[in-house]
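Per-entry structural report
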Amino acid sequence: MTEPAATPPPGCPAHAGATPLYGPRFQTDPAQLYRELRAAHGPVAPVELAGGVPAWLVIGYRELQQVTGQPQLFGRDSSRWHAWDTLPADWPLKPMMAPVPSMLYTEGEEHVRRSRAVTDALAGIDPYELRKHSEEIADRLIDGFAGRGEADLVAEYAHLMPLLVLCRVFGLDEARAPELVDAVLTMLDGGPGAPASAQRLLELMLEVVRAKAEHPGGDVASRMLAHPAGLDHDEIMRDLRVLLISGHQPSSYWISNALRLMLTDERFSASLAGGRRSISQALNEALWEDTPVQIFAGRWAVRDTQLGGQRIGEGDMLLLGFAGANADPSVRQPDGRPAEGNRAHMSYSYGEHGCPFPAQEAAEVIATTAIEVLLDRLPDLRLAVAEHALVWRPSAWVRGLVALPVSFTPGH
């Protein structure tokens, strides 16, 4: 990315020497970058985003809990950011943090009102129906490539599977899934098409809301419309977009990252064909080692404060470094691995803006079913390229493969 550098506003971390969260080095080996940042700066490090925009990256486990658990010090409303007037109008990362009226950026009582409607609507998802939908969709997708003996498990499976399931439970038209995938990926990659894709997603969500207002059903959108919180159409439209992105992207890359682990790590190879316990282990380890949302934007300092030995100025942006916090030596065993069965990772965030428990449950059902059905149908699945040839997406936010090419014995 070669956008002209923005002038760092007063109170931001020192711009000179800040580590960029973009480019080939960050894309290929962010774990090494986090280790270097921790060694040089401690748990809170000065970084820069595309265009030379400065921020703080929180990579300490305890410090991340502090930031996400103290809304009185670190607010969620991005309008607190003092850099807005210094940014170019077409800054590609703007869609990820622009202050819009969704539950993502609300605080206090308004956030409680919005999040209660969302959580209650998600809690209405029947887990047995969800698993049934997931199995049906997984089988249908596998039918599309099983006879070829080869496939790209990102484009043909992991990207589509969660979205098709979410379309069904949210009340969306499954035929729009390819369009939705393209819009979500373009928005999150932060390229020149990001603003238009963000707007397109809003338009698609508004179509759903209007349709369900006329013909309600047993879906998330209909339950949000009927909720006593009294959300209007614009509120539901924006919150549905949040749910779609936060439900699709983490689940999609969770599936492909766990599959990559199972296909490349000899600890899983012996039980690749049907070991249910190994699937659970791989999914948990993927959240520790290659968590799908590696960085999240973010929090903004309500007033001058200190964190992790750094002086944070009022209005500074703090990026939540989930991947860095998961790699904090303080929560690892002496050999660097997480303890087996340990689920205390930060992949679902923490505090009042953390991922709602019903959403966590739904994501686990979708991801587990996706891998179980795939390995049942294609038991001799194997990586079709060398592991080092796999390419990661050029995104500061998500950690996911561009493609996962595999081969197998053709079947039906």
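Preceding this paragraph is the structure being described.
Presented here is a report on the structure given in the accompanying data block. Computed from a predicted structure; not experimentally measured.

Now for the overall build of the protein chain. Secondary structure assignment for the protein chain yields 16 helices and 11 strands. Here the C-alpha radius of gyration of the protein chain, 21 Å, is about what a compact globule of 412 residues would show, namely 22 Å. Counting only residues that meet the buried cut, the protein chain has 55% of its 412 residues in that class. Long-range contacts, defined as pairs at least 24 residues apart, comprise 72% of the intrachain contacts of the protein chain with a sequence gap of at least 6. Total accessible area on the protein chain is roughly 16900 Å²; 53% of this is exposed by carbon and sulfur atoms. Seen as two clouds, the 36 positive and the 52 negative side-chain charges of the protein chain have centres 2 Å apart.

Regular strands place their side chains on alternate faces of the sheet. Burial of strand 3 (residues 53–58) is extensive: 6 of the 6 residues sit out of reach of the surface. In strand 3, alternate side chains face the same way, and those of Val 53, Ala 55 and Leu 57 on one face and Pro 54, Trp 56 and Val 58 on the other are all buried. Relative to strand 3, strand 2 (residues 44–49) runs antiparallel, the two sharing 6 bridges. Within strand 3, the position partnered with Glu 48 by the bridge is Pro 54.

So, about the pattern of salt bridges. Two side chains of opposite charge can pair, provided their charged atoms sit close to one another. Here the structure, examined in full by the defined rule, presents 22 salt bridges. We note a salt bridge from Asp 219 to Lys 212, for which the minimum N-O separation is 3.1 Å. Neither residue differs from the other here; Asp 219 and Lys 212 are each classed as buried. Here Arg 399 makes a salt bridge to Asp 290, at a shortest N to O gap of 3.2 Å. Taken together, the positions of Arg 399 in the loop between strand 10 (382–383) and strand 11 (405–407) and Asp 290 in the loop between helix 14 (276–289) and strand 6 (296–301) put the pair 109 residues apart, joining distant regions of the chain. Owing to a relative accessible area of 9%, Arg 399 belongs among the buried residues under this scheme. Accessibility expressed as a relative area gives 12% for Asp 290, which makes it buried. What you see here is one network of salt bridges that share partners, running through Glu 110, Arg 113, Arg 114, Glu 235 and Asp 239.

Moving on to the pairing of strand 2. Most of strand 2 is tucked away, with 6 of its 6 residues classed as buried. Covered by surrounding structure in strand 2 are Val 44, Pro 46 and Glu 48 together with Ala 45, Val 47 and Leu 49, the residues of both alternating faces. Strand direction decides the pairing type here: strand 1 (residues 19–20) and strand 2, joined by 2 bridges, are parallel. Bridge pairing in strand 2 places Pro 20 opposite Glu 48. The antiparallel pairing of strand 2 with strand 3 creates a hairpin that spans 3 residues between the two strands, and Gly 51 there sits at a positive phi of about 85°.

What follows deals with the packing of aromatic side chains. Per the stated rule, a full pass over the model turns up 5 aromatic pairs. Residues Phe 145 and Tyr 157 carry aromatic rings whose centres are separated by 6.3 Å and whose planes lie at 90° to one another, so their mutual orientation is edge-to-face. One end of the pair, Phe 145, is in the loop between helix 6 (127–143) and strand 5 (150–152); the other, Tyr 157, is in helix 7 (residues 154–158), and 12 residues separate them in sequence. Residues Phe 296 and Phe 322 carry aromatic rings whose centres are separated by 6.5 Å and whose planes lie at 25° to one another, so their mutual orientation is stacked.

Attention shifts here to helix 3 (residues 61–69). Since the α-helix turns once every 3.6 residues, residues separated by three or four places project in the same direction. Of all the positions in helix 3, only Tyr 61, Glu 63, Leu 64, Val 67 and Thr 68 are classed as buried. Looking down the long axis of helix 3, one finds its buried residues gathered within 160° of arc, a one-sided arrangement.

Bringing the environment of Glu 352 into the picture now. Among the secondary structure elements, Glu 352 is positioned in the loop between helix 15 (322–326) and helix 16 (357–377). You can call Glu 352 partly exposed: its relative accessible area is 44%. Once you skip the residues sitting within four places of it in the chain, Glu 352 turns out to touch Thr 68, Pro 71 and His 111.

If you trace the backbone, Arg 238 turns up in helix 12 (residues 233–264). Along the primary structure Arg 238 and Ser 102 are separated by 136 residues, whereas in three dimensions their C-alpha atoms are 5.4 Å apart. Those residues in contact with Arg 238 that lie beyond four places of it in its chain are Val 100, Pro 101, Ser 102 and Leu 202.

Glancing now at the sheet that holds strand 1. Ordered by their spatial adjacency, 6 strands build an open sheet running 1-2-3-9-6-4, and the pairing between neighbours is mixed. Two strands in the sheet have a free side with no partner beyond their single neighbour: strand 1 and strand 4 (74–75). As paired strands, strand 3 and strand 9 (residues 317–320) are joined by 3 bridges and run parallel to one another. Paired with Trp 56 across the bridge in strand 9 is Leu 318. Seen against the sheet, helix 2 (residues 30–41) touches strand 1, strand 2 and strand 3 and runs at an angle of roughly 125° to strand 2. The strands touched by helix 3 are strand 2, strand 3, strand 4, strand 6 and strand 9; relative to strand 9, the strand with the most contacts, the crossing angle is about 120°.

What counts and how
- Residues numbered from 1 in each chain as written.
- Predicted model: local features only at pLDDT ≥ 70, side-chain atom pairs only at ≥ 80, totals over all residues.
- Heavy atoms only, no water.
- Helix = DSSP H or I, 4+ residues; strand = E, 2+ residues; numbered from the N terminus.
- Rg over C-alpha atoms; globule rule 2.2 N^0.38 Å.
- Buried < 20%, exposed > 50% of the residue type's maximum accessible area, 1.4 Å probe, protein only.
- Contact = heavy atoms within 4.5 Å.
- Areas by Shrake-Rupley, 256 points an atom, 1.4 Å probe, with all protein chains shown as cover.
- Lys, Arg positive; Asp, Glu negative; His and termini not counted.
- Charge placed at Lys NZ, Arg CZ, Asp CG, Glu CD.
- Pairing = 2+ DSSP bridges.
- Salt bridge = Lys/Arg side-chain N within 4 Å of Asp/Glu carboxyl O.
- Phe/Tyr/Trp six-rings, centres within 6.5 Å; stacked < 30°, edge-to-face > 60°.
- Arc of directions from axis to C-beta.
- Axes fitted to C-alpha atoms, helices over the stretch in contact; angles between N-to-C directions.

Read these as layout, nothing more, since geometry by itself doesn't imply function.
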